[in-house]
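Single-letter residue listing:
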Amino acid sequence: MDLLYTAIEALISASQLIFHQEVFLFLALGVTLGLSVGIFPGLGGIAGLSLMLPFIFGLDPIIGLALMVGLIAVVPTSDTFASVLMGIPGSSSSQATVLDGFPLSKEGHAARALSAAFASSLFGGLVGALFLTVFILVARPVVLEFQSPELLMVSVFGLSMVGILAGKIPLKGVAAAGLGIMVASIGEGPFNGELRLVSYDVPYLLDGFKLVIVGLGIFAIPEIVALLRQGGSISNNPSLGSGWLTGVKDWWAHRWLSIRCSIIGVLVGVIPGLGGSVVDWIAYGHAIQTTRDKSNFGKGEIRGVIAPESANNAKEGGGLVPTLLFGIPGSGSMAIFIGALALLGSGELEVGQSMLTDNLDYTYSIVWLLALANVLGTVLCIILAPQIARLTSIPFVLVAPFVFMIITFAAFQSGQDVLDLVVLFCIGILGILMKRFDWSRPAFLIGFVLANPVENFSNNAYQIANIRFDNSFGQGLDYLFGPIVIVIAIITVISIVVGIRQAKFIQPEGQLETGTKRAPFLFILGLIGFTTLFLLDIGSIPDYAWTDAVFPFVIGCTVLVILLLLMTQMMLRPETDALFVDGEIQSSQANERPLWATIGWFIALLIGTSLVGFIISLAIFLLCFFLFRAELKWPRALFMSVCGVCFMIFMGWILNREFPGGLLQFYTSLPWPLR
């Protein structure tokens, strides 16, 4: 009964926190941003939250939460536009929607498909919020018993799941998560300050890589480059047709399917790291299995839209469970969410047990905000659907330079150093290659986020266990192998076994064709080279500072063994094997523009920034891009370039931010914004 009173008190306190005009304003802003990001295929919540990170620093916690939850909640709803109107998955969690949503659109029933999807998304989102409310109440006393061994075991469970369930080749998923941990380990060691793969000659790297840069580089850059290479508009059919009410009636007719799939979405969301990469396919498969006449699936079956859309919104509520209670990201967007919480206010919000003890009111505020954002997002999607449909007919070549401009600005704000842009470009290249060869980018990002807490949990558990073992052997064993640890270990083993069996059905980057051995083999060799260099550097750390070396060394050795095993399999298997998938095969068949010619534009912006500063370089970049790549006439190219530069200057002024400078600014005193 005390638990119930505590929960009711926290819910009332949460309602007092959020029911303010300013909070609703920022919630609406977050929903609008999520809607804007969601209509671009591939960007999704990870890129949206990454863009937001530099601008939420120091915000009042409830304001920042409203902004972020608004964005997170609406992306799984708004990405339906891309799936239905374009036949392109708006994100990894809307891949199955394409199978029946796009055929409905081609038949003139886009409005029916969208309204059924929006109704399903709203219902799934509310189910997820309700589940989060109940689960926090039930799990609170258990979570408060967690110490370092239990938290470490939960982290291992999360890493094992995100690795195993990351694609057809489970070893690639595990290696991707390990690479993320290795990249996060670069910088000063957390215990003795020993340098790991850096030197004092490059002080920029002493603090490691920024989450915002890694998030934007690994996700946003590859998707922008891919869309730009394809050319043309995002969608060729901006007409929605009629049938808005019919879609809602369809959802009501299949409401029990929606309920079941929402529960599936919640349960999948709770599993750390799994999230959107598989939830829609599980729900879609359930819809097929529970339908007598299966002949219409893939040709325009409305149940094929309702099932995945119910599940992918419900998963956000489920994904917040491991994120808030254990600090284990439920998905890639939740990985960014964890980093963002630390930036709010004076840093008083921290995921884990403190969210259930000191900040239970903020925890339930997230629940309230999640429910409200789903309602607001669905209403906005329905109201703005005709306008959004017309926006998708704009050639992406006119949009891409503006998107990259904003990403570049956001990346620079994370560290106020021009090297931020260099790292953004390098991580972007890695993201492009991982996308090309079907390596799980969410696994990499979640590994990056979990690196620091896992290292701390490991060290804390070791130190405390040593003290307990000094007292008695039994005390040490009781501390390391408590009942909760054993239960989680058993669940981990079972989930790995089941996950390996299901991994063959998961495709992180969609359906890709196999190519020759050469390109995937060279990529593996490059990863082996980096891992070897990493291990040699870690091995040079002195023995007295071994606590800074042991964790990254173990991870590096594990990754190296996996990479060598993959390389051996490549040497023995034929080119038709799934090991040799290569997205560039489809790009060449579709006569897309060359990869490096497209990336060259962004390299030019980077070089120009290092020479003459960001604003001057941006003006030249935009003008040249619109003239020669978009092939616009001079007046229109000049007008759009001026608009882009003015928008960037306005952003810098309103946020009181500086712009990257170059050699010109070093030798010459220039007025703002040129400095």
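The rules behind the values
- Residues numbered from 1 in each chain as written.
- Predicted model: local features only at pLDDT ≥ 70, side-chain atom pairs only at ≥ 80, totals over all residues.
- Heavy atoms only, no water.
- Helix = DSSP H or I, 4+ residues; strand = E, 2+ residues; numbered from the N terminus.
- Buried < 20%, exposed > 50% of the residue type's maximum accessible area, 1.4 Å probe, protein only.
- Contact = heavy atoms within 4.5 Å.
- Areas by Shrake-Rupley, 256 points an atom, 1.4 Å probe, with all protein chains shown as cover.
- Salt bridge = Lys/Arg side-chain N within 4 Å of Asp/Glu carboxyl O.
- Axes fitted to C-alpha atoms, helices over the stretch in contact; angles between N-to-C directions.
- Parallel < 35°, antiparallel > 145°, perpendicular 65-115°, else oblique.
- Left-handed = near helix turned anticlockwise from the far one by under 90°.
- Nonpolar A, V, L, I, M, F, W, Y, C, P; charged D, E, K, R; others polar.
- Core = buried A, V, L, I, M, F, W, Y, C linked by side-chain atoms within 4.5 Å.
- Domains from an automatic or database assignment.
- Expected span 1.5 Å × (residues − 1).
- Patch = residues over 30% accessible without salt bridge, like charges linked within 9 Å, V, L, I, M, F, W, Y side chains within 5 Å.
- Phe/Tyr/Trp six-rings, centres within 6.5 Å; stacked < 30°, edge-to-face > 60°.
- Lys NZ or Arg CZ within 6 Å of the ring centre and 35° of its normal.

## Examining the overall build of the protein chain
Next up, step 1: Counting secondary structure elements, the protein chain contains 29 helices and 2 strands.
Next up, step 2: Counting all 675 residues of the protein chain, 57% fall into the buried class.
Next up, step 3: Excluding contacts between residues fewer than 6 apart, the proportion of contacts in the protein chain whose partners are at least 24 apart in sequence is 80%.
Next up, step 4: A total of about 27000 Å² of accessible surface is found on the protein chain, and carbon and sulfur atoms cover 67% of it.

## Details of the pattern of salt bridges
Next up, step 1: The full count for this structure, using the stated rule, is 3 salt bridges.
Next up, step 2: For E301, the salt bridge goes to R303, with nearest N and O atoms at 3.0 Å.
Next up, step 3: With a closest N to O distance of 2.7 Å, D582 and R436 form a salt bridge. With D582 in the loop between α24 (550–572) and α25 (583–589) and R436 in helix α19 (residues 419–436), the pair connects residues that are 146 residues apart, well separated along the chain.

## Focus on the side chain of S185
Next up, step 1: Inspection of the secondary structure puts S185 in helix α9 (residues 170–185).
Next up, step 2: Apart from the residues within four sequence positions on either side, S185 is in contact with R196, F534 and P552.

## Considerations on the environment of W546
Next up, step 1: Examined against the element boundaries, W546 turns out to sit in the loop between α23 (518–539) and α24.
Next up, step 2: Here the alpha-carbon distance between W546 and N192, two residues 354 residues apart in the chain, equals 8.7 Å.

## Describing the packing of helix α18 (residues 400–413) against α19
To characterise two packed helices, one gives the angle between the axes of the helices and the distance between these axes.
Next up, step 1: Here α18 crosses α19 at 120°, and the two axes come no closer than 8 Å. Our classification of the angle between α18 and α19 gives oblique. In the crossing of α18 with α19, the sense of the turn from one axis to the other is right-handed. Within the contact between the two elements, α18 uses I407, T408, A411 and F412 and α19 uses D420, L421 and L424.
Next up, step 2: When grouped by side-chain class, the residues that make up the contact of α18 with α19 number 5 nonpolar, 1 polar and 1 charged.

## Brief notes about the nonpolar core
Next up, step 1: In this structure, L65, M68, F337 and W439 are the most contacted members of the largest nonpolar core, which totals 160 residues.
Next up, step 2: Here this core takes 13 residues from helix α10 (residues 211–230), the largest share from any one element.
Next up, step 3: Both of domain 1 (2–394 + 440–458) and domain 2 (595–674) provide at least three residues apiece to this core.
Next up, step 4: Sequence-distant contacts of M68, that is, excluding residues within four places in its chain, are made with L49, M52, I56, F337, A340, L341 and L344.
Next up, step 5: The next biggest cluster of nonpolar side chains, apart from the first, holds 19 residues, and it includes V84, L114, A116 and A117.

## Regarding the environment of A619
Next up, step 1: Relative to the helices and strands, A619 resides in helix α27 (residues 614–629).
Next up, step 2: A619 gets classed as partly exposed once you look at its relative accessible area, which sits at 31%.
Next up, step 3: Here the alpha-carbon distance between A619 and L638, two residues 19 residues apart in the chain, equals 9.3 Å.

## Describing helix α26 (residues 595–612)
Next up, step 1: Compared with the 26 Å implied by 1.5 Å per residue over 18 residues, the 26 Å span of α26 between its first and last C-alpha is a close match.
Next up, step 2: Residues of α26 that are buried include every one of L595, T598, I599, W601, F602, L605, L606, G608 and T609, and no others.
Next up, step 3: Positive phi appears at G613, one or two residues downstream of α26, with a value of about 90°.

## With respect to the packing of α9 against helix α20 (residues 441–471)
Next up, step 1: Contact geometry for α9 and α20: axes closest at 7 Å, N-to-C directions at 40°. In terms of orientation, α9 and α20 fall into the oblique class. Taken as a pair, α9 and α20 cross one another with a handedness that is right-handed. Along its contact with α9, which presents G173, A176, A177, L179, G180, I181, V183 and A184, the element α20 presents A443, F444, G447, F448 and A451.
Next up, step 2: Of the residues that constitute the contact of α9 with α20, the class distribution is 10 nonpolar, 3 polar and no charged.

## Focus on a nonpolar patch on the surface
Next up, step 1: On the surface, F473, L477, F481, I486, I490 and I494 cluster together into a nonpolar patch covering about 590 Å² of accessible area.
Next up, step 2: Within the residue set of the nonpolar patch, elements represented by two or more residues are α21 (473–480) and α22 (483–502).
Next up, step 3: Looking at the nonpolar patch element by element, the count peaks at 3 residues for α22.
Next up, step 4: For I494, the location among the structural elements is in helix α22.

## Remarks on the environment of A637
Next up, step 1: Here A637 lies in helix α28 (residues 634–654).
Next up, step 2: In sequence terms A637 and F626 are 11 residues apart; their C-alpha atoms lie 5.3 Å from each other.
Next up, step 3: Contact partners of A637, with chain neighbours within four places excluded, come to L623, F626, L627 and L632.

## Description of the packing of aromatic side chains
Next up, step 1: By the definition in use, this model includes 16 aromatic pairs.
Next up, step 2: Ring centres 5.5 Å apart and planes at 45° place the aromatic pair F402 and F626 in the tilted group. With F402 in helix α18 and F626 in helix α27, this pair connects stretches of sequence that are 224 residues apart.
Next up, step 3: F402 sits in the partly exposed class, given a relative accessible area of 21%.
Next up, step 4: Consider the rings of F530 and F534, whose centres lie 6.3 Å apart with planes at 35°: the pair is tilted. Here F534 and F530 lie together in helix α23, a separation of 4 residues that amounts to about one turn.
Next up, step 5: Residue F534 is classed as buried on the basis of its relative accessible area, which comes to 0%.
Next up, step 6: Taken together, F402, F404, W601, F602, F621, F625 and F626 form an aromatic cluster joined through their ring pairs.
Next up, step 7: One cation-aromatic arrangement involves K210 over Y204; the distance from NZ or CZ to the ring centre is 5.3 Å.
Next up, step 8: Geometry around W252 places R255 over its ring, the cationic atom sitting 4.2 Å from the centre.

## Observations concerning unusual backbone geometry
Next up, step 1: The backbone of D438 sits at a positive phi, close to 65°, despite the residue not being glycine.
Next up, step 2: Mapped onto the fold, D438 is located in the loop between α19 and α20.
Next up, step 3: With a phi angle near 55°, E631 is a residue other than glycine that sits in the positive phi range.
Next up, step 4: With respect to the helices and strands, the residue E631 is situated in the loop between α27 and α28.

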